[in-house]
Amino acid sequence: MINNARAFNLKHQRLWLLPQKALYWQKKKTLFVADLHIGKTGHFRKNGIPVPNQVAQSNLQQLDSILDKISPEHLIILGDLFHSDLNKEWDQFVRWRKRYRQLEVSLVVGNHDILSSEKYHSGIINVFKKLSYDPFTIIHDISEYPDLKKSNNYVLSGHIHPAVQLKGQGRQSMKLPCFNFAKEYGILPAFGEFTGTHVIEPTESDDIFIIADSKIISHNDLKS
């Protein structure tokens, strides 16, 4: 298992929270990631905003590192694989994908996944609007799942790019990405390096795991 991964039991399943902002279900050999936003740097450059190309490569290199260490059989992407319009970074992703032909890849489409079905199929990707993977239901945006409380499955989603704001002495503060597990749903942090974050306000019953210095820290541990 990856260094500093943290075990977490959910719906009687043992999951591993990875400091690379991914979730691994070892029993099913399945890796979950959300919000890669590949192509976002190319989108910015196209609009005259200079962004280093290395940012785009880092997402795929991070995936390489995880796949080499845990060898999952299935990669499920919880939406926003590619950021809007087609650009050269899609070709980079397709070349990366072909190096892992033995890996099944499924995409639950997000609001930025606007490429044609043919493009996703060229990347050897299964495409879903919603994916049932008992005891979980996989979606992109929790706000677009109105039957949440009626679901027998626990819902896993992305889209929010969750983070918490930690405050120190004086005006010191730090914003860090996190996993957010509520009673009926969980939200994964954004995997992409160029995505931004949204500060959440967790309830007392939520399980929050913060990613800091390549470690997974429970929010409850900071309270004690």
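Residues numbered from 1 in each chain as written. Predicted model: local features only at pLDDT ≥ 70, side-chain atom pairs only at ≥ 80, totals over all residues. Heavy atoms only, no water.

Check the secondary structure of the protein chain and you find five helices and 16 strands. When each of the 224 residues of the protein chain is scored for burial, the buried share is 52%. Intrachain contacts of the protein chain at a sequence separation of at least 6 include 65% that bridge at least 24 residues. Carbon and sulfur atoms provide 46% of the accessible area of the protein chain, an area that totals close to 11600 Å². (Helix = DSSP H or I, 4+ residues; strand = E, 2+ residues; numbered from the N terminus. Buried < 20%, exposed > 50% of the residue type's maximum accessible area, 1.4 Å probe, protein only. Contact = heavy atoms within 4.5 Å. Areas by Shrake-Rupley, 256 points an atom, 1.4 Å probe, with all protein chains shown as cover.)

A few words on the packing of aromatic side chains. In the structure shown here, the tally under the stated rule is twelve aromatic pairs. Both rings, one in Trp 96 and one in Tyr 100, keep their centres 5.0 Å apart while their planes meet at 40°; by these two values the pair is tilted. Classification of Tyr 100 as buried rests on a relative accessible area of 11%. With a centroid separation of 6.2 Å and an interplanar angle of 5°, the aromatic rings of Phe 179 and Phe 181 are classed as stacked. There is no split in this pair, since Phe 179 and Phe 181 are both buried. Grouping aromatic residues by their ring pairs yields a cluster made of Phe 82, Trp 90, Phe 93, Trp 96, Tyr 100 and Tyr 120. (Phe/Tyr/Trp six-rings, centres within 6.5 Å; stacked < 30°, edge-to-face > 60°.)

Moving on to the layout of surface pockets. Of the voids in this model, the largest pocket is the one considered here, and its volume is about 180 Å³. Taken together, Val 108, Val 109, Gly 110, Asn 111, Lys 129, Lys 130, Ile 139, His 140, Asp 141, Glu 144 and Tyr 145 form the lining of the largest pocket. Tallied by class, residues from the lining of the largest pocket come to four nonpolar, three polar and four charged. (1 Å grid on protein atoms, 1.4 Å probe; cavity = no way out; pocket = protein on both sides within 12 Å on 5 of 7 lines; lining within 4 Å. Points joined across faces, edges and corners; volume = space filled by probe spheres on them. Nonpolar A, V, L, I, M, F, W, Y, C, P; charged D, E, K, R; others polar.)

In this structure, the amide linkage connecting Asp 134 to the following residue, Pro 135, adopts the cis form with an omega of 5°. By the secondary structure assignment, Pro 135 is in the loop between β8 (131-133) and β9 (136-138). Phi at His 37 is positive, roughly 55°, even though this residue is not glycine. Using a relative accessible area of 5% as the deciding quantity, one classes His 37 as buried. In this model, Ser 214 sits at a positive phi of 60°, which is unusual for a non-glycine residue. Relative to the assigned elements, Ser 214 resides in the loop between β15 (207-212) and β16 (215-218).

Glancing now at the pairing of strand β6 (residues 104-108). Within β6, four of the five residues are buried, which leaves the element mostly enclosed by the surrounding structure. Examined bridge by bridge, strand β5 (residues 74-77) and β6 share four bridges and lie parallel to one another. Looking at the pairing, His 74 lines up with Glu 104 of β6. Note: β6 against strand β7 (residues 126-128), three bridges, orientation parallel. Within the sheet, the bridge partner assigned to Ser 106 lies in β7 and is Asn 126. Between the parallel elements β6 and β7, the chain passes through helix α4 (residues 117-122) in a crossover that is right-handed. (Pairing = 2+ DSSP bridges. Right-handed = clockwise from strand over helix to strand, strands pointing away.)

What follows deals with the sheet that holds β6. What holds strands together in a sheet is hydrogen bonding between their backbones, with the strands either parallel or antiparallel. Read from one edge to the other, the open sheet built from seven strands follows the order β1-β2-β3-β4-β5-β6-β7, with strand pairing classed as mixed. The two strands at the open ends of the sheet, each matched to only one other strand, are β1 (6-10) and β7. Across this sheet, the average inter-strand angle for adjacent strands is 25°, counted without regard to direction. In terms of strand pairing, strand β3 (residues 22-25) meets strand β4 (residues 30-33) through three bridges, oriented antiparallel. Each residue of the ladder has a partner; that of Leu 23, found in β4, is Phe 32. (Axes fitted to C-alpha atoms, helices over the stretch in contact; angles between N-to-C directions.)

Bringing the pattern of salt bridges into the picture now. For the structure on display, the rule yields two salt bridges. With its nearest N and O atoms 3.6 Å apart, the salt bridge here joins Glu 73 to Lys 29. Note that Glu 73 is positioned in the loop between α2 (54-70) and β5 and Lys 29 in the loop between β3 and β4, a separation of 44 residues in sequence. Here Lys 29 falls in the partly exposed class, since its relative accessible area comes to 39%. Across the salt bridge formed by Arg 99 and Asp 64, the nearest N and O atoms sit 3.1 Å from each other. Taken as a pair, Arg 99 in the loop between α3 (88-98) and β6 and Asp 64 in helix α2 lie far apart in primary sequence, 35 residues in all. A relative accessible area of 14% places Asp 64 in the buried class. (Salt bridge = Lys/Arg side-chain N within 4 Å of Asp/Glu carboxyl O.)

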